[in-house]
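Close look at the chain arrangement
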Protein chains: 2
Amino acid sequence: MYTKASDPTDGPLTLEELQLATRNRGMPLEAMRYDITPVGMHYLLTHFDVPFVDADSWRLQVGGAVARPFELSLDDISAMPAQTLAVTMECAGNGRARLRPRPLSNPWLYEAIGNAEWTGTSLWPLLDRAGLNDDAVELLFTGADRGLQKEVEHNYQRSLTVEEVKRPEVMLVYAMNGRPLEPQNGFPLRLLVPGWYGMTSVKWLQGIEAVTQPFTGYQQHNTYRFKQSADELGEPVQRIRPRALMVPPGVPDYFSRHRMVDAGRVELIQGRAWSGQGEITKVEVGVDGSWSEATLGDSVGPFAWRSWSFAWEAKPGEHTLSCRATDSTGAAQPIDQPWNYQGMGNNSVQTVAVTVR
Amino acid sequence: MYTKASDPTDGPLTLEELQLATRNRGMPLEAMRYDITPVGMHYLLTHFDVPFVDADSWRLQVGGAVARPFELSLDDISAMPAQTLAVTMECAGNGRARLRPRPLSNPWLYEAIGNAEWTGTSLWPLLDRAGLNDDAVELLFTGADRGLQKEVEHNYQRSLTVEEVKRPEVMLVYAMNGRPLEPQNGFPLRLLVPGWYGMTSVKWLQGIEAVTQPFTGYQQHNTYRFKQSADELGEPVQRIRPRALMVPPGVPDYFSRHRMVDAGRVELIQGRAWSGQGEITKVEVGVDGSWSEATLGDSVGPFAWRSWSFAWEAKPGEHTLSCRATDSTGAAQPIDQPWNYQGMGNNSVQTVAVTVR
């Protein structure tokens, strides 16, 4: 009937992976130049289809284990106290296609990243207004997007603990970079959970339900897990691991993306680094395996990436550049990524091959 | 040193193709619902890197074989008579990855398409003001994007004949869907050539030069050619061939994109059709190889796609849906695409596998 995602493979890229790669999109790495990623360059992963939502008839349902369930229109939500935050978002599957054997899903290399400026309203005051029952343990967020994974048909759903949603930066957002959300980014409303991988920030949000048991639906229990085999439950994927990426220097060859740099000048290598676990405290740049500390710049905001730069005296020949971030928890990017079954959280260092001529 | 694009292959997808697919992006086919494609869903092909252009210091140079060369700022161009046109743009390499053997470049399947509303000023009055010399035969358009293809380093350049640029709809555009161009769409200014494949609409435009000999640079002579072997010059790729695409019905399976439709109701199949050669005169829908005419809707504009729909009485079982456009020149989409070396202009019919249950 249709091709099912099988076990990870050492085989070639499949048509199914290519179909996903042509629909979804990474941020071209040169876009790391911008503090704020333009809407059309931000990474995007759509599990099912981008749903068509009519904003006029759309309502957000807030209910479940609460004292006072209610619904809100987009106008209602837009009238609430607004905050705007720059937030770095990354797909939990970023780097998946670099693992061996290769887990089968969207075949990201490095580019599933972006840093947008999101405007919305803090979630907790809304839940406070609904009045969570004492036995409520989680909030379940339901999107309008619907489809099948491993034969289970469902709307996209994820949950968070009550504790987690008390953070004031957990928001319901209706604008990105100062404009209403475009359809692919979750119009008319999405959840935004700064610091967590992107799957948590449910798009096309239509319902928030307080539940008295931890949610065990497909997107919570069957996927987004760190595990070593199909049968294992594994550990949930949550906060973004530290990572640095650089703007590839010089000019590219179209097909191979190999870089060419002119000799005889100091090349300023620039990039960004981020972590959902803590502040970025160090970025190192590797030139042919020899590591030096980069100069750290400012963060774009408390939940956003931090700039860094490194002056490279580019000598003629073939070189490999790398970069590696460390955060305030002491976590650093691995050179070789420990493997996991679903290809989650691969934050191994970026390498860029450069010819100086 | 780096992997070169080789001859077309029957082998598996390469890392180089995947790198291109994760940077560039197709329009998810469900976006065919929108008359005007949101900026962040429009297809995008960047040959080299998205260049960083400072709009304040940027100037458009108009010169070469003209009586009165001049330069213009973005303010100058924005002050000229403006027109807004909806234009369907498609990559000449759309469908490439479906050819056997597979030409090696960006591995598009169906999605290299979009229909935006572009605002700018007609090009011809500017050239008239410059005063083309009698021996000027073409206009050469130079972008700020630079890199290598097959070891030739160059800025992206394409030319058009004097006759072609007299069409009033050939424009210099600075806005897309009512907002300034985002960087990836050519900020601050791009060329727009309605009816032609996308490579003609040079992004990040910095120069227009009247030339007295036909341009034979890389992007004009070495690529974007219909040819059967590496050595042949071939015929230039120009106007967009007719094509129809449908919004895939029902809901998808995440990995395979296989579609599931509920039985017992009439499924309205909707889509768009376009051609750069003439008006769309017919769209046919194939259900398991049996063809019927779809109902044509309106065009979004004289250079934009036309909607169509077809009521499908979906019976339980496995089905294959297809669609096929014919234009006013009599050209129709082929069921099986004649092969060419670079995978250009593949407008073979879309097929969508659907389970009705």
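Residues numbered from 1 in each chain as written. Chains lettered and ligands numbered in written order. Predicted model: local features only at pLDDT ≥ 70, side-chain atom pairs only at ≥ 80, totals over all residues. Heavy atoms only, no water.

**A short note on the interface of chain A and chain B**
- Taken together, the contact pairs 68 residues of chain A with 68 residues of chain B.
- Summing both sides of the interface, chain A and chain B together bury roughly 6200 Å²; the carbon and sulfur share of this comes to 61%.
- Between chain A and chain B we count ten salt bridges in total.
- The interface formed by chain A and chain B contains 38 residue pairs in polar contact (both at pLDDT 80 or more).
- Put simply, the parts of the chain that give the side of chain A that touches chain B at least two residues each are α1 (15-23), β5 (138-149), β14 (251-252) and β15 (259-261) of chain A. (Contact = heavy atoms within 4.5 Å. Buried area = accessible area lost by both parts, 1.4 Å probe. Salt bridge = Lys/Arg side-chain N within 4 Å of Asp/Glu carboxyl O. Polar contact = N/O pair within 3.5 Å; in protein donor to acceptor, adjacent residues only side chain to side chain. Helix = DSSP H or I, 4+ residues; strand = E, 2+ residues; numbered from the N terminus.)

**Overview of the environment of B:Ile280**
Residues and elements named next belong to chain B.
- Turning to its location among the elements, Ile280 is positioned in strand β17 (residues 280-287).
- With relative accessibility at 6%, the residue Ile280 sits in the buried group.
- The spatial distance from the C-alpha of Ile280 to the C-alpha of Thr326 is 5.9 Å, given a sequence separation of 46 residues. (Buried < 20%, exposed > 50% of the residue type's maximum accessible area, 1.4 Å probe, protein only.)

**Section: the pattern of salt bridges**
- One pass over the structure, following the stated rule, counts 32 salt bridges over all chains.
- The partner of A:Glu164 in a salt bridge is A:Arg167, with the nearest N and O atoms 2.9 Å apart. Here A:Glu164 and A:Arg167 have matching classes, each one buried.
- B:Glu164 is the partner of B:Arg239 in a salt bridge, and the nearest nitrogen-oxygen pair spans 3.6 Å. Separated by 75 residues along the polypeptide, B:Arg239 in the loop between β12 (235-236) and β13 (243-246) and B:Glu164 in helix α4 (residues 162-165) bring together distant segments of the chain.
- Taking the relative accessible area as the measure of exposure, B:Glu164 reaches 16% and is therefore buried.
- One salt-bridge network, held together by shared partners, links A:Arg146, A:Glu153, B:Asp262 and B:Arg357.

**With respect to the confidence of the model for chain A**
Residues and elements named next belong to chain A.
- Averaged over all residues, the pLDDT of chain A is 97; the fraction at 70 or higher stands at 99%.
- Across chain A, the secondary-structure element scoring lowest on mean pLDDT is strand β16 (residues 266-274), at 94, and the one scoring highest is strand β9 (residues 190-192), at 99.
- For this predicted complex, the interface score ipTM comes out at 0.96, while the overall pTM is 0.97. (pLDDT = per-residue confidence, 0-100.)

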